[in-house]
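# Observations on chain architecture
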Amino acid sequence: MSLLSWGPASLTPVAAPADDGPGNPWFSWRYVHENADTIGTALRFHAGLTAQTVLLALVVAVPLAVVAYWIKPLTAPILALSGILYTIPSLALLSLLAPLVGTTSTTSVLIALVLYALLVLVRNSLAGLTQVPPEVIDAATGMGYGRFGRLLRVELPLALPGILTGLRLATVSTVALVTVGSLIGQGGLGDLILGGFRNNFYKAEILTGTLLCVALALVLDLLLAGLGRALTPWTRGRAA
């Protein structure tokens, strides 16, 4: 069974068939009310998959950035590998993962999203680490910190602005990329968007999924921006 031929059950029409006349508006409270459960489920799935992706990518990306920071000859290969993974078309990547984890598995979408998020997170984490002032590192070494102690107590905390910038970028891009999972019925709000196209171009379904996707990205970005301000108070003083 191919990815293109598979049609998920969740994309069957959930409201009156649409046409291209006045009865097919771009936004409809009636559609939202009648399909509130379906919309809520899609939104929760979308937010949950985004959170899982970003957390897993962060767990992988930060150690990779540290390795690239410590071992300079590995910097270019690590950045090149993450860049190559980012250039793989999403449909091709899902097709490659399908034989390993299943054609319609959420795991295949999660793996693909994590691979895409690595480039942004590795680059920004490495940038944050390389921007730690040398005199601070020398002072920490003079105080008796070893390599790991210096990393945990000095370098990573000072690299937080760069890491959090990467986290925000990765989160927003992941919210958009989750919709690609609708090709195998695991796209959250993307299932609504694709379902609207399949349901005689149902405009209300398409726009509802799109608006919620944009709103989710904005909310998560604002939350991470607030977290960044709370964790890095010294950057506020510098800006002032």
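Residues numbered from 1 in each chain as written. Predicted model: local features only at pLDDT ≥ 70, side-chain atom pairs only at ≥ 80, totals over all residues. Heavy atoms only, no water.

A word on the overall build of the chain. From N to C terminus, the chain includes 10 helices and zero strands. The order of helices and strands in the chain, counted from the N terminus, is α-α-α-α-α-α-α-α-α-α. Among the 240 residues that make up the chain, the fraction classed as buried is 43%. The contacts of the chain with a sequence gap of at least 6 include a subset with a gap of at least 24, amounting to 76%. In the form shown here, the chain has an accessible surface area of approximately 12400 Å², with 69% of it arising from carbon and sulfur atoms. (Helix = DSSP H or I, 4+ residues; strand = E, 2+ residues; numbered from the N terminus. Buried < 20%, exposed > 50% of the residue type's maximum accessible area, 1.4 Å probe, protein only. Contact = heavy atoms within 4.5 Å. Areas by Shrake-Rupley, 256 points an atom, 1.4 Å probe, with all protein chains shown as cover.)

What follows is about the pattern of salt bridges. Here the structure, examined in full by the defined rule, presents three salt bridges. For E155, the salt bridge is made with R150, and the minimal N-O distance between the two is 3.8 Å. R150 gets classed as buried once you look at its relative accessible area, which sits at 15%. (Salt bridge = Lys/Arg side-chain N within 4 Å of Asp/Glu carboxyl O.)

Before going further, it helps to examine the packing of aromatic side chains. Counting across every chain of the model gives two aromatic pairs. Seen from their ring centres, W70 and F148 are 5.2 Å apart, and the 90° between their planes marks the pair as edge-to-face. Taken together, the residues W70 in helix α2 (residues 36-70) and F148 in helix α7 (residues 147-178) connect sequence positions 78 residues apart. When its relative accessible area of 57% is taken as the criterion, F148 is described as exposed. Their ring planes at 85° and their centres at 6.0 Å tell us that Y86 and Y116 sit as a pair that is edge-to-face. Within this pair, whereas Y86 is found in helix α3 (residues 75-87), its partner Y116 is found in helix α5 (residues 106-130), the two being separated by 30 residues in sequence. Exposure remark for Y86: the relative accessible area of 39% places this residue in the partly exposed category. (Phe/Tyr/Trp six-rings, centres within 6.5 Å; stacked < 30°, edge-to-face > 60°.)

Examined against the element boundaries, T141 turns out to sit in helix α6 (residues 134-142). You can call T141 partly exposed: its relative accessible area is 40%. Among the polar contacts made by the side chain of T141, one reaches the main-chain carbonyl oxygen of I137 at a distance of 2.9 Å. (Polar contact = N/O pair within 3.5 Å; in protein donor to acceptor, adjacent residues only side chain to side chain.)

This part is about the side chain of N124. You can see N124 is positioned in helix α5. For N124, a relative accessible area of 19% puts it in the buried group. Residues in contact with N124, not counting those within four places in the same chain, are G162, I163, T165, G166 and L169.

It is the contact of α3 with α5, at a shortest axis distance of 7 Å, that shows an interaxial angle of 145°. Seen from above, α3 lies across α5 with left-handed handedness. In this structure, α3 uses T75, I78, L79, S82, G83, L85 and Y86 to contact α5, whose residues at the interface are L115, Y116, L118, L119, V122, R123 and L126. Among the residues forming the contact of α3 with α5, the class breakdown is 10 nonpolar, three polar and one charged. (Axes fitted to C-alpha atoms, helices over the stretch in contact; angles between N-to-C directions. Left-handed = near helix turned anticlockwise from the far one by under 90°. Nonpolar A, V, L, I, M, F, W, Y, C, P; charged D, E, K, R; others polar.)

The next point concerns the packing of α2 against helix α9 (residues 203-231). Running from amino to carboxyl end, α2 crosses α9 at an angle of 40°, the nearest separation of the two axes being 11 Å. In terms of orientation, α2 lies oblique with respect to α9. As α2 packs across α9, the resulting crossing turns out to be right-handed. Each of I39, L43, H46, A47 and T50 in α2 lies in contact with α9, whose residues at this interface are T208, L212, C213, L216 and L220. Its residues assigned to classes, the contact of α2 with α9 shows seven nonpolar, three polar and no charged. (Parallel < 35°, antiparallel > 145°, perpendicular 65-115°, else oblique.)

A few words now on empty space enclosed by the protein. For the coordinates displayed, the defined rule picks out one cavity of 30 Å³ or more. Volume-wise, the largest cavity comes out at about 60 Å³. Along its surface, the largest cavity is lined by S90, L94, V109, A112, L113, Y116, L177, V180 and G181. Secondary structure elements with two or more residues in the lining of the largest cavity: α4 (90-101) and α5. (1 Å grid on protein atoms, 1.4 Å probe; cavity = no way out; pocket = protein on both sides within 12 Å on 5 of 7 lines; lining within 4 Å. Points joined across faces, edges and corners; volume = space filled by probe spheres on them.)

Here we take up the confidence of the model for the chain. Of all residues in the chain, 88% have pLDDT values of 70 or greater, and the mean over the chain is 84. Predicted confidence is poor over residues 1-18, with pLDDT under 50, and the contacts of this stretch with residues over four places away or in other chains come to 41 contacts. (pLDDT = per-residue confidence, 0-100.)

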